[in-house]
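This is what each chain is made of:
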Amino acid sequence: MSEPQADVTVVKSPVYLKYRFTAGSAPARFLGRLKEGVLTGQRCPRCSNVYIPARGSCPACGVPTEKEVVLSDKGTVQSFTIVSIPIPGNPIEPPYIVANIVPDGANISFIHLLSECVNEEVHIGQRVQALWKPAAEWGYSMDNIRYFRPLDEPDVAVDRIGKLPVTGLES
Amino acid sequence: MREIAVVAYSQSPCVADAGATNEVELIMPQLQAVYSQLGLASAQDVDFVCSGSCDYLQGAAFAFVAGVDALGAVPPIKESHVEMDAAWALYEAILKIRMGHADSALIYGFGKSSPGELPIVLSQRLDPYYLAPLWLDTVSLAALQARLLLEQGLLTEHDMAAVVARSRHNALANPLAQLAGEFSVEELLAEEHFVAPLRRADCSPVSDGAAAMVIATVEQARAWGAPYARITGIDHRIENHNPCLRDLTDSVSTRQAAAAAGVHRGPVDVAEVYAPFSHQEILLSRALELAPETLVNPGGGVLAGNLMMASGLARVGEVFRRIINGEAGRGVAHATSGPCLQHNLVAVLEGA
């Protein structure tokens, strides 16, 4: 009889796979303009919604969105959360704010950081603007924008969020 | 039982590298093509949608969910997905219609295999304890199978080269094919071995692309007024995941699926067989007990272009196309999944 052995409860078998990832034609155009410090969306030819970042289709209508639209780097807070616990791998020190921001001229939000604000005073409908990194540091990434910060503008009514033209509140 | 028919089908060309195109951009043109065949506006006009794909191929997490962006899912639609070839999405859709939960369904499959090393990526389908850590690639596994067939005298390298020569020749008439041309068996045999006894030409190429299909009850098909082909039988069977526990010189699962689908209840004018390696076309033709007069892979089959996760659906689509064009009255489509033909689906299509 052999010695009784402990149960094998863990087997390590690491998986390494290499990929040459491509974002897609529409995302590539978005990333190209982002590198130049410009936010762009794409307009659906059927329902006219403007999407950012564009993936090449209107997910509501299922039709290609081929027309690029230049958006503002001003926007409106659609929703937000105050992160109070450290997230593994995230270098940002809590507490900090993650917000859904709708840029003027678009109809859907993207998620970015909100800073230079009093956390407790952040609210839905608040006007914000991007703080860009120095142009020399721009790449194909949303972190060309360091974060958004409050603008001294009147709040946007909840039912108007996501419906402002690229000119913002002025029109 | 409710009679179900294929009513529309479209496939992209097989290309070695779809470049910057993402999955949504691969799928949308095929969806638009099947909509236009029926006069539909969007996926809202069918009762159910089911897709087949594998996120490992392009190495993008939840790529199959991103694919839903191609559908127009507002207001919400009934949608499902199989992490398999879309031939199995077709199977799910057929069950849905048979059970009376839908009268029509859109099925699509897509695969962007070029971003990774496909034979290595597919090694991760093997069992995670013994085989996957060996990184046993699909070509090596197929080579083991081919060696068994050769050593047992069940076929010759000449037979395998003849399959390739016929595929390349047939593909000349297939505008969607990736590899086509006139090659003699002698020319093919003069090429050196790649993974012996396989030569490169014995292996299907790596391809990017997508395919889409609409099926419906025969009543709905007639209401749409488009030509259709009835699906009179479909079945799928799976064998042990350990290739060492199977008879690799035969495909028992294909034999069983063919019997259950009713392949032998009538003549088979055309057979579209999903054989990623040349020896497998011979093996599968035997397992399906195809008569000598049956046309096998008249468009070149997957040796001419292999859209992983869409090629199985495309086999059904090719038989549908031949039937509605009047080139065939009754045909058989076969799809496979897993190493060395582990899992096989057989469908029988007949004219209206």
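Remember, it's a predicted structure, so these values are computed and weren't measured experimentally.

1. Some points on the nonpolar core
And then number 1: Ranked by internal contacts, the top residues of the largest apolar core, which has 122 residues, are Val6(B), Leu90(B), Ala105(B), Ile107(B), Met213(B) and Ile215(B).
And then number 2: In terms of residues, this core owes the most to one element, helix H4 (residues 86-98) of chain B, which gives 9 residues.
And then number 3: Not counting residues within four places of it along the chain, the set of residues in contact with Met213(B) comprises Val6(B), Ala8(B), Tyr9(B), Val34(B), Leu90(B), Ile107(B), Leu313(B) and Gly317(B).
And then number 4: Residues Val50(A), Cys61(A), Ala106(A) and Leu114(A) belong to the second largest nonpolar core, which totals 26 residues.

2. Overview of the pairing of strand S8 (residues 229-238) of chain B
Residues and elements named next belong to chain B.
And then number 1: In terms of strand pairing, strand S1 (residues 4-11) meets S8 through 3 bridges, oriented antiparallel. If you follow Val6 over to S8, its bridge partner there is Ala229.
And then number 2: Pairing of S8 with strand S12 (residues 343-351), which is carried by 9 bridges, proceeds in the antiparallel orientation. Pairing of Asp235 across the sheet is with Val346, part of S12.

3. Structural notes on the confidence of the model for chain B
And then number 1: Overall, the prediction assigns chain B a mean pLDDT of 96, with 100% of residues at 70 or greater.
And then number 2: The ipTM value of the predicted complex is 0.84, and its pTM value is 0.93.

4. Quick notes on the sheet that holds strand S1 (residues 40-43) of chain A
And then number 1: Taken together, the 3 strands give an open sheet; going across it, the order is S2-S1-S5 (chain A), and neighbouring strands pair in antiparallel fashion. Whereas interior strands pair on both sides, the edge strands pair on one side only; in this sheet they are strand S2 (50-51) and strand S5 (67-70) of chain A.

About the cut-offs
Residues numbered from 1 in each chain as written. Chains lettered and ligands numbered in written order. Predicted model: local features only at pLDDT ≥ 70, side-chain atom pairs only at ≥ 80, totals over all residues. Core = buried A, V, L, I, M, F, W, Y, C linked by C-beta atoms within 7 Å. Buried ≥ 20, exposed ≤ 12 C-beta atoms within 10 Å, placed from the backbone. Helix = DSSP H or I, 4+ residues; strand = E, 2+ residues; numbered from the N terminus. Contact = placed C-beta atoms within 7 Å. Pairing = 2+ DSSP bridges. pLDDT = per-residue confidence, 0-100.

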